[in-house]
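# Residue-level structural notes
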Amino acid sequence: QVQLVESGGGLVQPVGPLRLSCVASASILSSYVMGWYRQAPGKERELVAHITSGGSTNYRDPVKGRFTISRDNAKNTVALQMNSLKPDETAVYYCNARSALYDVWGQGTHVTVSS
């Protein structure tokens, strides 16, 4: 139903900030949860953070205090602000939209943290 397109990835030096954005092709008002996941080389995909339709957020412990997830329902976007990035956080970051009727993923955006 809804299509997601991530952007903002690229090469960033350690501790540098980076902001990822996900734009949906349709309204995300029906999406109960919008989230960001990542898959590092040789690792399984894992949750980074998610935000509910009510604005409640949840973060995986390693990113707490450094990452911030937000959503703008009017613009059909969800963003992930990443600060104090570490080299081991190099991964493909995926946007996810989940509702009672769908669970969709974007194509992913590559983030490389290296000096």
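For the structure given in this document, a descriptive report is provided here. (Residues numbered from 1 in each chain as written. Predicted model: local features only at pLDDT ≥ 70, side-chain atom pairs only at ≥ 80, totals over all residues. Heavy atoms only, no water.)

With the rule as written, the count across this model stands at four salt bridges. Ionic pairing is found between Glu-89 and Arg-38, a salt bridge with its closest N-O pair at 3.4 Å. Placement of the pair is Glu-89 in the loop between β8 (77-82) and β9 (91-98) and Arg-38 in strand β4 (residues 33-39), with a sequence separation of 51 residues. In this structure, the salt-bridge partner of Lys-64 is Asp-61, at a minimum N-O distance of 2.9 Å. In the salt-bridge network here, residues are joined through shared partners; they are Arg-38, Glu-46, Arg-66 and Glu-89. (Salt bridge = Lys/Arg side-chain N within 4 Å of Asp/Glu carboxyl O. Helix = DSSP H or I, 4+ residues; strand = E, 2+ residues; numbered from the N terminus.)

A full pass over the atoms with the stated rule returns one aromatic pair. Their ring planes at 65° and their centres at 4.8 Å tell us that Tyr-37 and Trp-105 sit as a pair that is edge-to-face. One end of the pair, Tyr-37, is in strand β4; the other, Trp-105, is in strand β10 (residues 103-105), and 68 residues separate them in sequence. With relative accessibility at 16%, the residue Tyr-37 sits in the buried group. Taking relative accessible area as the criterion, Trp-105 reaches 34% and is therefore assigned partly exposed. Above the face of the Tyr-94 ring, Arg-45 is positioned so that its terminal group lies 3.8 Å from the ring centre. Sitting above the plane of the Trp-105 ring, Arg-45 keeps its charged end 4.5 Å from the centroid. (Phe/Tyr/Trp six-rings, centres within 6.5 Å; stacked < 30°, edge-to-face > 60°. Buried < 20%, exposed > 50% of the residue type's maximum accessible area, 1.4 Å probe, protein only. Lys NZ or Arg CZ within 6 Å of the ring centre and 35° of its normal.)

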